[in-house]
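Coordinate inspection notes
Single-letter residue listing:
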Amino acid sequence: MAGRINDEDVKAVRDAVPIDAVVSEYLQLRNAGGGNLKGLCPFHDEKSPSFQVSPSKGLFHCFGCQEGGDTIAFVMKIDHLTFSETVERLAARAGITLRYEEGGYNPGHQRGERTRLVEAHKVAAQYYADQLGSAEAEIGRKFLAERGFDQAAAEHFGVGYSPAGWDHLTRFLRGKGFSDRELIVSGLSQDGRRGPIDRFRGRLMWPIKDVGGDVVGFGARRLREDDNGPKYLNTPETPIYKKSQVLYGIDLAKKDIAKVSRAVVVEGYTDVMACHLAGVPTAIATCGTSFGGDHIKILRRLLMDNGTARVIFTFDGDAAGQKAALRAFEDDQKFAAETYIAIAPDGMDPCELRLAKGDEAVADLVEPRVPLFEFALRQITGRYDLEIPSGRAAALDEAAPIVARIKNIASQHEVAVQLAGMLGILDTQFVVRRVAQIARWQRQGGQGGPEQQRGGDRGRQRRMYDIPAPVAPAGPALNLRSPAHRTERELLKLALQYPELVSPAFDAYGIDEFTAAPYAAVRQCVQDAGGATDAPSDYLDAVREAAPDDTVRSLVTELAVETIFAKAVDEAYAGDQLVTVRLRAVDRRIRDVQSTLARLGPHGDPGQVSAVQNELWVLTQYGQSLRTHGAAAL
């Protein structure tokens, strides 16, 4: 059983290690007045700092969650250590030799588990670093050199090499007094047929440190073709290593992140090295997992989440990188910082970019380029055909809930307006209202939300934009309350019952001028039967025969016998129906062209912009002529 640490030594440790020096390793502290410092509490989520440190008193207190105490209490809580483990760690930092009052001090048996596991990793890291200079590690040194990293770079980042034998590290650590159980629990060794063997063999090794600077795990890169393991093998989950709670390079980057309120998130160990060596010391990376909520908590404490804080993600330009960016966007609202994405030319990662174009290109890459929300929304909207109304409607259905998750109302409104521009929807307030409506549903826990009310809401949306519903084999149900549908139906009845009143103009109408799929199918039947002009005596029979199925054939019959809603069925009435259908088609096309023009923006291709503007002018003139001259303009 461990002896009790001498009380005088505990006091000496507490006095020797300034509380502000310890706390500032975990979060950014700023002047709070009266000699105190403040920051975002690491023990609960908060937007404004309520956590205060008094260097003169050696105490901390959070006015939000009421956590408080001295340096020892802070380290115990934030790193989940026992009292003895905390004092031992701080004593080692201050260079104080501790005395134990019950039988002296036996390092092999009396230290806490976390302290022992951390020390095992520290010894292992030095062992691996020493092995990098061996003859066997030539393949590892070559790997580093090919990526632009010399010996000094390897030493700075603690890169090492694990020998290819079965138990080199295991035997070395046994010789340092570590038990087989400790080696297995630490993840440095694993069970073999005849006892523990090394987990990492014949690989390039990166030590992974926590925010306090302790080595808690390793990332191991495959080097040889006969290695059947994964390309990267990381330490498994252990009492001191949780991959969702560590960031590679955070120990080196934390001071610069706090200083400039900026963090650069890259994808790999070599990318972190490349960025730091290229003058971007705020780069960090996840370790074998996607960027998530626990990582955000670490960064938020360092960034202070002030108005100038920025987080830049540098994902690969391939599909996997884009998917990673969308995952990051899911957690974007957990930041108060502005988030951006930077993708290098030709999809290169920072390490490749540094090799190809030098340090300056890496530094330029991480200058904020595209807001993460814009990148994410463009990835979503890019999957749809925005040239057609139904494509814009579908893209809005998917993108609007994403925007609705933005908690800041002003930001939500601004992004909704930008989404309208991306989609080419001219009525920006419609998009803003749509997003606000979904946001309310989300706050209410989804009750009566988009999934439950999707049919009614989409119907209103399509009516607003004359967007046809998706075409099913037999077409959607007809909405006879729709003015467009009523007019199209009247025109088709005229074409079937009084073809002489609407021809030859009717035969020049396109199938797409009929917005209801069943009506478009009937229009196609008339065309396939030879048209309404000079209709023969068996005209109706020919139209019915041209129907592709019984459903359309039944509708032809229905329209051929249904009463026409006019006091006088004459050329004037027929002309009104022809003009109304055509004018609605022209107006829809004008909206499509305006949408295209909005998406092209001021920086679009001049030739394309000119062509679109010309089409818009022609359509506008034609629409005006129809309104002024009626059927004479057809």
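Residues numbered from 1 in each chain as written. Predicted model: local features only at pLDDT ≥ 70, side-chain atom pairs only at ≥ 80, totals over all residues. Heavy atoms only, no water.

**Examining the pairing of strand E12 (residues 262–266)**
We apply this condition: Under the scheme applied here, a residue whose accessible area is under 20% of the maximum for its type counts as buried, over 50% as exposed, and between as partly exposed, the area being computed with a 1.4 Å probe on protein chains only. Here a strand is any run of E in DSSP of at least two residues, a helix any run of H or I of at least four, and the numbering for each starts at the N terminus. Any two strands are treated as partners once DSSP identifies two or more bridges connecting them. By the criterion used throughout, a crossover qualifies as right-handed when its path from the first strand across the helix to the second strand runs clockwise, the strands pointing away from the viewer.
Counting buried residues in E12 gives five out of five residues, a clear majority hidden from the surface. Of the two faces of E12, the one lined by Arg262, Val264 and Val266 and the one lined by Ala263 and Val265 are each fully buried. Sheet topology note: the E12/strand E14 (residues 310–313) ladder contains four bridges and is parallel. Within the sheet, the bridge partner assigned to Arg262 lies in E14 and is Arg310. Across three bridges, the pairing between E12 and strand E13 (residues 283–285) is parallel. Bridge pairing in E13 places Val266 opposite Ala285. Between E12 and its parallel partner E13, the chain crosses via helix H12 (residues 269–277), and the hand of that crossover is right-handed.

**Quick look at unusual backbone geometry**
Ser503 connects to Pro504 through a cis peptide bond whose omega is 5°. Positionally, Pro504 belongs in the loop between helix H23 (499–502) and helix H24 (517–528). The phi angle at Ser261 is positive, at roughly 55°, despite the residue not being glycine. Note that Ser261 resides in the loop between helix H11 (250–260) and E12. Taking the relative accessible area as the measure of exposure, Ser261 reaches 3% and is therefore buried. A positive phi is found at Asp534, a non-glycine position, where the angle reads about 55°. Among the structural elements, Asp534 can be located in the loop between H24 and helix H25 (539–545).

**Let's talk about helix H3 (residues 71–79)**
To keep it simple, the criterion reads: By definition, the arc is the one covered by directions from the helix axis to the C-beta atoms. We call two N or O atoms a polar contact when they sit within 3.5 Å, provided that within protein one can donate a hydrogen and the other can accept it, with sequence-adjacent residues counted only if both atoms are side-chain atoms.
Residues Thr71, Ile72, Phe74, Val75, Ile78 and Asp79 constitute the buried set of H3. Considered in projection along H3, the buried side chains sweep an arc of 160° and stay on one side of the axis. The N-capping residue of H3, defined by a side-chain oxygen 3.2 Å from the backbone nitrogen of Ile72, is Asp70.

**Here's the deal with the confidence of the model for the protein**
Going by this rule: What pLDDT expresses is the predictor's confidence in each residue, scored from 0 to 100. Note on definitions: a residue-residue contact is assigned when non-hydrogen atoms from the two residues lie within 4.5 Å.
Of the residues in the protein, 88% reach a pLDDT of 70 or more, and the chain-wide mean stands at 84. Confidence drops under a pLDDT of 50 for residues 103–110, and excluding neighbours within four residues, the segment shows 12 contacts in the predicted structure. Per-residue pLDDT stays below 50 along residues 447–477; that stretch engages in 45 contacts with residues further than four places along the chain or on separate chains.

**Topic: the packing of H3 against helix H4 (residues 83–94)**
Definition in use: Between N-to-C directions, angles span 0 to 180 degrees; the directions come from axes that are lines fitted to C-alpha atoms, helices contributing only their stretch in contact. Angles are sorted into four bins: roughly parallel if under 35 degrees, roughly antiparallel if over 145, roughly perpendicular if 65 to 115, and oblique for all others. Each crossing gets its hand from how the near helix is turned against the far one by less than a right angle, where anticlockwise is left-handed and clockwise is right-handed. When residue character is reported, Ala, Val, Leu, Ile, Met, Phe, Trp, Tyr, Cys and Pro are called nonpolar, Asp, Glu, Lys and Arg charged, and the others, Gly included, polar.
Interaxial distance between H3 and H4 falls to 9 Å at its minimum, and their mutual angle equals 115°. Accordingly, the angle class assigned to the pair H3 and H4 is roughly perpendicular. Relative to H4, H3 is oriented so that their crossing is right-handed. Residues Thr71, Ile72, Val75, Met76 and Asp79 of H3 touch H4, and the partners they reach there are Phe83, Thr86, Val87, Arg89 and Leu90. Residues of the contact of H3 with H4, tallied by class, amount to six nonpolar, two polar and two charged.

**Points about the sheet that holds strand E6 (residues 160–162)**
Taken together, the four strands give an open sheet; going across it, the order is E6-E9-E10-E11, and neighbouring strands pair in antiparallel fashion. With one partner strand each, in any of the chains shown, E6 and strand E11 (232–234) form the two edges of the open sheet. If you compare each strand with its neighbour and ignore which way they point, the axes differ by 35° on average. On top of the sheet, helix H7 (residues 138–146) reaches strand E9 (203–209) and strand E10 (215–222); it is set at about 70° to E9, its chief contact.

**Some words on the sheet that holds strand E5 (residues 68–70)**
The sheet built from five strands is open, its strands ordered E1-E2-E3-E4-E5 with antiparallel pairing. The outermost strands of the open sheet, each flanked by one partner alone, are strand E1 (30–33) and E5. For this sheet, the mean inter-axis angle between neighbouring strands, taken without regard to orientation, is 25°. The pairing of strand E4 (residues 59–62) with E5 spans three bridges and is antiparallel. The partner of Phe60 across the bridge, within E5, is Gly69. Contacting strand E3 (51–54), E4 and E5, H3 runs over the sheet at an angle of about 120° to E5.

**A word on the nonpolar core**
Note the threshold: Definition used in this section: a nonpolar core is a set of buried Ala, Val, Leu, Ile, Met, Phe, Trp, Tyr and Cys residues joined via side-chain atoms within 4.5 Å.
Ranked by internal contacts, the top residues of the largest apolar core, which has 48 residues, are Phe51, Phe74, Ile250, Ile257 and Leu299. Examining the composition of this core, we find that five residues originate from one element, helix H13 (residues 293–303), more than from any other. Sequence-distant contacts of Ile257, that is, excluding residues within four places in its chain, are made with Ile250, Arg262, Ala263, Thr282, Ile284, Leu299, Leu302 and Leu303. Judged by nonpolar contacts, the second largest core, of 44 residues, contains Leu117, Tyr161, Tyr241 and Tyr340.

**With respect to helix H26 (residues 550–561)**
Basically, it comes down to this: Here, expected helix span is obtained from the residue count minus one, scaled by 1.5 Å.
Here H26 is 12 residues long and its end C-alpha atoms lie 17 Å apart, about the 16 Å a rise of 1.5 Å per residue gives. Among all positions in H26, only Val552, Leu555, Val556, Leu559 and Ala560 are buried. Each buried residue of H26 lies within a common arc of 135° when the element is viewed along its axis, so the set occupies one face. For H26, the exposed residues lying more than 90 degrees away from the buried face are Asp550 and Val561. In the core, the buried residues of H26 are packed alongside helix H22 (483–497), H24 and H25. Of the residues flanking the start of H26, the one acting as N-cap is Asp549, its side-chain oxygen 3.1 Å from the backbone nitrogen of Thr551.

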